[in-house]
Amino acid sequence: MLALRWGHGVSGLRRALWPAGRPGPLAEEGALSGVWGHRRRSSASPCEQDHRKDWGHAELLEVLEARVRQLQAECVSKATVKRVGVAQQLRASASLQRPGKAQAGPEGTAEELGGRWAQKLDQEKFAMQKRKQRLELKLQVRAQQLACEHKLRASRLQHWEQEVPEGLWEEQLVWLLQEAPRKLSPEVEQAPKAGSASMQREIWQQRFLAFLECCLLTGHLPLAHHVLVTYHGRSRQQQQLTRAMYNTVMLGWARKGSFKELVYVFFMVKDAGLTPDLLSYAAALQCMGRLDQDTSTIQRCLDQMARDGLKLQGLFTSVPLRPEEQAVVLRAVRKAQPTFSLPPPPQPPPQVNTSPLLREIYAKSGPVSYPKLHLPLRTLQKLFQEQLRVELATTVAVESVEKARVLTKEVLQARNTLKQLRAEWAEALCLGLQELKASEARAAHSCRSTIFPYLCVLSERELAELLLQTLQVLPPQGESLLSLAQQLGLRVFNRHTVQRKLSSQVQALRQRYYRYLQLLASDTQVAAPPLPRQYWEALGAPVAPHEQPWPLSVLVQLGKKLAEVLVEVVRMPGSLATRQGSCTLIPVLYHVYSFRSFRQIGILKPHPAFTELLAVAAEHTLTFEAAEVPMLCPPLPWTSPHTGAFLLSPTKLMRSLEGTMQHQRLLDSCPPAELHGALDALTQLGNCAWRVNGRVLDLVLELFMAKGCPRLGVPAPPSEAPRPPDGRLPPSASSAQKAEVRREVARCLKVAREMHSLRSDALYRLSLAQHLRDRVFWLPHNMDFRGRTYPCPPHFNHLGSDLARALLEFAQGRPLGPRGLDWLKIHLVNLTGLKKHEPLRARLVFADEVMDEILDSADRPMTGRKWWMEVDEPWQALACCMEIARAVRAPDPTAYVSHFPVHQDGSCNGLQHYAALGRDSVGAASVNLLPSDLPQDVYSGVAAQVEVFRRQDAERGVRVAQVLEGFISRKVVKQTVMTVVYGVTRYGGRLQIERRLRELSNFPQEFVWEASHYLVRQVFNSLQEMFSGTRAIQHWLTESARLISHSGSAVEWVTPLGIPVIQPYHQDSKVLISGGIQSLTFSQSGDTTQKPNTLKQKNGFPPNFIHSLDSSHMMLTALHCYRKGLTFVSVHDCFWTHAADVEVMNQVCREQFVRLHSQPILHNLSRFLVKRFCSGARSPRHSKNVWFGKLQDTLKSVPKTGAFDLEQVKHSTYFFS
């Protein structure tokens, strides 16, 4: 940590290298317009740029002080004194006058600089004052117009309210229901048009609806009513109000039995030109039921409901009411209609997926052997209680594996200081949060944008605790304010969601889960065991509706406000910063601007003294959110897009960017049975029990607590980071020397940041591994928008690096059997990468030949010959060596119970799917779809074809082809060949090849650029010759996506397993969160209200479609392996199981690949796209019809296929190996 402290001053060093009197480079993000020039498009702009602020003297003084700091950094002391004088003059001056030219004083260059600054400041001040006057004039005119409109509307409402006698409110409600306009709400009446204005409108509507709902949750219904009435009285804002907003407030008054207020909202509904729906009638009936209204009023309400075409039964089947609210509505209905009976519970959706690929999975007949866990019922119940406690606490404290410091007097003093400071900070934060709430409450009552109700979902003490946890984990180099704000907002929402479940759901969940464990426990039996999802659904209906997420803009605004409180309130004595420092309190956090990837962003950075204090204290506790840690009991089965995985923590079925709703809408509109294949596959993957490989963990920790070992994937500590150049350059240094120092400083800072990131990632992973040592745990899964599956816990799972995979093994073991030891040996040889082109038999022979090395590695990994360190995947190879050593030394190797996962990898799996789609015999042979005695290596094949082209060009005298002689290898072309199938462009491919060429020490570096251009062209030409069918399919997919996106739609399709997919690539729409220490601007580019991004849509369709196929193949394999009783997990196209079951998994894998591609996938896709995008009415414009015809013709022009026989895949040994 200490080694990174120098980075705090890099910005100042960079400025010191600029010549005096010259401005620095324009900032690209968050630039101060007064210092650096005009603001560009940015994702973070400081508060000085907010033109809506009051540009008075205080604002000018802030700008002056910022410029004083810059001149101080440039070491121009006289100019600084001059500017301070100017600042004092401006402070005393209040007149607005046209600035004149500044005179250069006799002080020389420094004073001339000060004069120029003063002149520029005067000009800016004059321009700002004029702008302020113009804006004030416009605002006065607009305010008068709005006041007139509001007065008119308010008088109408007031007049209506005063005319209604107290006893006639019931009559008034009936009249309102009869006179309500018979038209739909705006959001239903017309589909939203794509565009920036539409996006901004939708964002505002989402925010306001969430605001009203949060007001109801936190007991601020009068505030919600007040704001709704105010907005209703403003014509422009009334047009954006939706029926759902009025219904939300009506439902709140109905729960309180406030009839007068409910009727008032009904009047606003009529006044807005909206018609009541089922929820509106449910609110009215609920209110009448609570007040025990007379029968005639209720009956007239029911009659009007029938005239509106709304069915009475719908109140109890289609409206999301609580059980208590349903009972009140039912009481009111039965008062008017005593014979009314509740409709029977809706028939559950068909429980069998109709996909032909899943017919066997859901067939009632046929033998099944679903696996059970190795733990008894009582143990699983205890594990559930532990997991429940973890999620109720919302956080998990984990001991850090960093090397513990000796408890010296200095360490104990630092820890005591931190303890005292945190106690003080907690109290100060509570006071600061109370002030923030009061300020936001005033803003809410003034109907300004506010986060007041969101601040009320947690207590001040809970928010203060959350903020202190955030401060604890803030890296020394700081974190982007935008990123930090989003994280804080999301953490508040997650804790709020868990707390809402406490009162109503925990007891019901416990009872239901205990019954569910009957299916999984080793000592219980269930008659005719079904799949876990089916069993869970049979135990009863869902406990409660899912929690609607808050809009992204709300999360960011809430997190930003909390971060600003943290910056403002948390302070420490200045004596901690310097020995001579006073006891004056100084901020712990600073808001600064820094360059990241050529953009300037605002970051929150801890004071170096605070970082030093943390380093000295060396506290040994890390805090994780409950959803970031593996589960201690089997996850909940996925039963819907909203239900599954963790017990209480909210989890998305489909991963997406925060604020993106299109994926969720697709899933919600999809028939439930169509998702069963994906839900059951995710449940099966999550039900795999894991444990930590303790021997490997001990060795990794030994290296980690020393100085790391980057060669083996163990990151070095920050103390090993490169240092920037020492000393300052002389004034006579050339611009080239200064540029070189700047580049070196930037490089050192970049390397230090990367090292810190890698070290932190390893620290989290190893600390969690140590925390879970000797425990059984589970990794719940979800999927991305293409259907690819991922573990939910981010820090410790099997999807990581070689080291991360080596730390895990199956908790449930299985005897090796007759062939298990052979598969362990083959797997070890595969991990070494030494016999990739050899048959399996040769790999077995090689394993026996190096058995001495294997045993030496297992027995003396750090002191022996270290054979395992020289292979491709060293840590997994070492873990496998240890497993083989235990097995061969067992009395009976066939009876040895192995927990080690054995992998089977697809051979360039993307090209395998392309070759199968196109029935391309040549391509199929290259990627091992055809049986062969030796494994075919497509990368070597492409390299050989490129070498043929190179030789031909060299003979013709092409210079770069001659230079490349002897340098074209499998390694040079592998990454490009692998990623071409996933949409890499020639530009991206050239960068990949350039990196490989730079790694060759004997390659002439002056030819790298030219050689990479030449090679990427030849690689694409080689692939065109070898995979002609693949390129034709890619072109068809690309062209289809281009035409679809030009028509204004995002590309959609449905995977063979029924998962609806939509590509989230749209034009960016900027969202501004203004005010405070920095105005934040972020992009929202993932929803259907925005125009599609044509380039991303067309480039993304081929790889995303292939990813959706490989996920379908994996899910089919997972379900059929589960049916056969196998333990199965995957890392995309790498399948894992026990050594004893590899042959069964291989058979299932091949059978399901053939079954998948036996479906007319491309023709099904063509039919879906034509129906989805070509079934609308023709446009009256000729040009539109021409485009429409071209789109239809392209979608129907499915590429022709070859004659490859898919059945041969079943007999291909190296298809997955």
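Residues numbered from 1 in each chain as written. Predicted model: local features only at pLDDT ≥ 70, side-chain atom pairs only at ≥ 80, totals over all residues. Heavy atoms only, no water.

*Asks:* I keep staring at the packing of aromatic side chains and nothing clicks. Help me out?
*Replies:* Any pair of aromatic rings gets described here by the distance separating the centres and the angle formed by the planes. Counted according to the given criterion, the structure contains 27 aromatic pairs. Ring centres 5.3 Å apart and planes at 85° place the aromatic pair Tyr516 and Trp536 in the edge-to-face group. You can see Tyr516 sitting in helix H21 (residues 481-520) and its partner Trp536 sitting in helix H22 (residues 532-538), a full 20 residues away along the chain. The pair formed by Tyr516 and Trp536 is uniform in burial state, with each residue classed as buried. An aromatic cluster of at least three residues, connected via ring pairs, comprises Phe384, Tyr513, Tyr514, Tyr516 and Trp536. Seen from the ring of Phe785, Arg786 lies directly overhead, with NZ or CZ sitting 5.6 Å from the centre. (Phe/Tyr/Trp six-rings, centres within 6.5 Å; stacked < 30°, edge-to-face > 60°. Helix = DSSP H or I, 4+ residues; strand = E, 2+ residues; numbered from the N terminus. Buried < 20%, exposed > 50% of the residue type's maximum accessible area, 1.4 Å probe, protein only. Lys NZ or Arg CZ within 6 Å of the ring centre and 35° of its normal.)

*Asks:* Any chance you could explain the environment of Glu427 here in plain terms?
*Replies:* Within the secondary structure, Glu427 is located in helix H18 (residues 409-445). For Glu427 and Ala464, which are 37 residues apart along the polypeptide, the C-alpha to C-alpha distance reads 8.3 Å. Of the polar contacts made by the side chain of Glu427, one reaches the side chain of Arg461; its length is 3.2 Å. (Polar contact = N/O pair within 3.5 Å; in protein donor to acceptor, adjacent residues only side chain to side chain.)

*Asks:* How should I be thinking about the nonpolar core in this particular structure?
*Replies:* The tendency in soluble globular proteins is for nonpolar side chains to be buried side by side. Of all hydrophobic cores here, the largest spans 140 residues; its most connected members are Leu647, Leu929 and Phe1105. Broken down by element, this core gets its largest block of residues, 11 residues, from helix H42 (residues 1094-1123). Core analysis: the next-biggest nonpolar cluster, separate from the first, contains 114 residues, Tyr231, Trp253, Leu458 and Ala563 among them. (Core = buried A, V, L, I, M, F, W, Y, C linked by side-chain atoms within 4.5 Å.)

*Asks:* Sorry, what's going on with the packing of helix H34 (residues 909-917) against H42 here?
*Replies:* Two measures define how a pair of helices packs: the angle their axes make with one another and the distance between the axes. Taken N-terminus to C-terminus, the directions of H34 and H42 make an angle of 90°; their axes are 10 Å apart at the nearest point. Judged on the interaxial angle alone, H42 and H34 are roughly perpendicular. Residues Asn909, Gly910, His913, Tyr914 and Leu917 of H34 lie in contact with H42, whose contacting residues are Pro1102, Phe1105, Ile1106, Leu1109, Asp1110 and His1113. Per-class residue counts for the contact of H34 with H42 are six nonpolar, four polar and one charged. (Axes fitted to C-alpha atoms, helices over the stretch in contact; angles between N-to-C directions. Parallel < 35°, antiparallel > 145°, perpendicular 65-115°, else oblique. Contact = heavy atoms within 4.5 Å. Nonpolar A, V, L, I, M, F, W, Y, C, P; charged D, E, K, R; others polar.)

*Asks:* Just to check I follow, could you spell out unusual backbone geometry for this structure?
*Replies:* Even without glycine at this site, Cys447 takes up a positive phi of about 65°. By secondary structure assignment, the location of Cys447 is in the loop between H18 and helix H19 (452-455). In this structure, Asp774 is a non-glycine residue whose phi angle is positive, near 65°. Position of Asp774 relative to the elements: it lies in the loop between helix H28 (735-771) and strand S12 (777-778). Judged by relative accessible area, Asp774 falls into the exposed class, the value being 75%.

*Asks:* I keep staring at the sheet that holds strand S15 (residues 808-810) and nothing clicks. Help me out?
*Replies:* The strands that make up a sheet are held in pairs by hydrogen bonds between backbone atoms, and each pair lies either parallel or antiparallel. Within the open sheet, the three strands sit side by side as S12-S11-S15. Their pairing is antiparallel. Pairing within the sheet leaves two strands with one partner each, and these edge strands are S12 and S15. With two bridges joining them, strand S11 (residues 689-692) and S12 adopt antiparallel strand pairing. Bridging across to S12, Trp690 finds its partner in Phe777. (Pairing = 2+ DSSP bridges.)

*Asks:* Sorry, what's going on with the pattern of salt bridges here?
*Replies:* Pairing between side chains becomes possible if they bear opposite charge and their charged atoms approach one another. As enumerated under the stated definition, the model contains 48 salt bridges in all. One salt bridge connects Asp872 with Lys836, and the closest N-O pair in it is separated by 3.7 Å. Residue Asp872 is found in the loop between helix H32 (851-859) and helix H33 (874-888), and its partner Lys836 is found in the loop between helix H30 (817-832) and helix H31 (840-849); the two are separated by 36 residues along the sequence. Relative accessible area serves as the criterion here: at 47%, Asp872 is assigned to the partly exposed category. Among the ionic pairs, Lys1210 bridges to Glu1207, the shortest N-O distance being 3.1 Å. A relative accessible area of 38% places Glu1207 in the partly exposed class. Because the salt bridges share partners, they merge into one network encompassing Arg255, Arg322 and Glu325. (Salt bridge = Lys/Arg side-chain N within 4 Å of Asp/Glu carboxyl O.)

*Asks:* Would you mind showing me how to read the sheet that holds strand S24 (residues 1134-1138) here?
*Replies:* Read from one edge of the open sheet, three strands run S18-S24-S23, paired in antiparallel fashion. The sheet terminates laterally at strand S18 (901-905) and strand S23 (1129-1131), the two strands that pair on one side only. Averaged over all pairs of adjacent strands, the angle between strand axes in this sheet comes to 30°, irrespective of strand direction. With three bridges connecting them, S23 and S24 associate as antiparallel partners. Looking across to S24, one finds that Ser1130 is bridged to Phe1135.

*Asks:* How should I be thinking about the side chain of Arg207 in this particular structure?
*Replies:* Here Arg207 shows up in helix H8 (residues 196-217). For Arg207, which is buried and forms no salt bridge, the nearest opposite charge comes from Glu440, at a distance of 8.0 Å. Among the polar contacts listed, one links the side chain of Arg207 to the side chain of Gln557, at a separation of 2.5 Å. Ignoring anything within four residues of it in the chain, the contact list for Arg207 reads Ser449, Tyr454, Pro551, Ser553, Val554, Gln557 and Ile1073. (Lys, Arg positive; Asp, Glu negative; His and termini not counted.)

*Asks:* Is there a simple way to explain a positive patch on the surface in this structure?
*Replies:* A surface patch of like charges, here positive, comprises Lys130, Arg131, Arg134 and Lys138. Positionally, Lys138 belongs in helix H5 (residues 109-163). (Patch = residues over 30% accessible without salt bridge, like charges linked within 9 Å, V, L, I, M, F, W, Y side chains within 5 Å. Areas by Shrake-Rupley, 256 points an atom, 1.4 Å probe, with all protein chains shown as cover. Charge placed at Lys NZ, Arg CZ, Asp CG, Glu CD.)

*Asks:* Sorry, what's going on with the packing of helix H39 (residues 986-998) against helix H40 (residues 1008-1026) here?
*Replies:* Look at H39 against H40: their axes get within 8 Å of each other, and the N-to-C directions meet at 125°. Between H39 and H40, the interaxial angle falls into the category oblique. Handedness of the crossing formed by H39 with H40: right-handed. Within the contact between the two elements, H39 uses Arg986, Gly989, Arg990, Ile993, Glu994, Leu997 and Arg998 and H40 uses Val1008, Trp1009, Ala1011, Ser1012, His1013, Leu1015, Val1016, Arg1017, Val1019 and Phe1020. Across the contact of H39 with H40, the residue classes break down as nine nonpolar, three polar and five charged. (Left-handed = near helix turned anticlockwise from the far one by under 90°.)

*Asks:* Can you walk me through the UniProt feature "repeat: PPR" (unreviewed entry) in the chain in this structure?
*Replies:* The UniProt entry lists residues 242-276 under the feature "repeat: PPR" (unreviewed entry), expressed in the numbering used here. Between the end C-alpha atoms of residues 242-276 there is a gap of 11 Å, over a span that is 77% helix and 0% strand. (UniProt positions renumbered as here; feature names shortened; annotations may be inferred.)

*Asks:* Even after reading the chapter, I still don't get helix H36 (residues 938-955), so can you show me in this structure?
*Replies:* Given 3.6 residues per helical turn, the α-helix brings residues three or four places apart onto the same face. With 18 residues, H36 should cover 26 Å at 1.5 Å per step; its first-to-last C-alpha distance of 26 Å lies within 8% of that length. Among all positions in H36, only Val938, Tyr939, Val942, Ala943, Val946, Glu947, Phe949, Arg950, Asp953 and Ala954 are buried. Just beyond H36, the residue with positive phi is Gly957, at close to 90°. (Expected span 1.5 Å × (residues − 1).)

*Asks:* What is the right way to look at the environment of Leu1080 in this model?
*Replies:* Inspection of the secondary structure puts Leu1080 in strand S22 (residues 1078-1084). Along the backbone, Leu1080 and Leu482 are 598 residues apart, and their C-alpha atoms lie at a distance of 6.7 Å.

*Asks:* Could you clarify how one ought to interpret the pairing of strand S7 (residues 599-606) in this entry?
*Replies:* Two faces, one strand: in a regular strand the side chains alternate between the faces of the sheet. Counting buried residues along S7, seven of its eight residues qualify, which places the element largely inside the surrounding structure. By the bridge criterion, two bridges tie strand S3 (residues 479-480) to S7 in an arrangement that is antiparallel. Note on S7: the bridge partner recorded for Glu479 is Leu604.

*Asks:* Where do I start with the pairing of S24 in this structure?
*Replies:* By the criterion of burial, S24 is predominantly enclosed, with five of the five residues buried. Sheet analysis places S18 next to S24, joined by five bridges and oriented antiparallel. Note that in S24 the partner of His903 across the bridge is Trp1136. The loop that links S23 with its antiparallel partner S24 comprises two residues; one of these, His1132, has a positive phi angle of about 60°.

*Asks:* I'm lost on the confidence of the model for the chain in this one. Help?
*Replies:* A low pLDDT score tells you not to read the predicted coordinates there in detail. Of all residues in the chain, 82% attain a pLDDT of 70 or more, and the chain-wide mean is 82. The low-confidence segment residues 1-64 (pLDDT under 50) makes 147 contacts with residues lying over four places distant or belonging to another chain. Under a pLDDT of 50 for its full length, residues 183-194 has, in the predicted model, 23 contacts with residues more than four places off or in other chains. (pLDDT = per-residue confidence, 0-100.)

*Asks:* How should helix H26 (residues 676-686) be read in this particular structure?
*Replies:* In terms of burial, H26 is largely enclosed, as 11 of its 11 residues are buried. Every buried residue belonging to H26 is among His676, Gly677, Ala678, Leu679, Asp680, Ala681, Leu682, Thr683, Gln684, Leu685 and Gly686, and all of these are buried.

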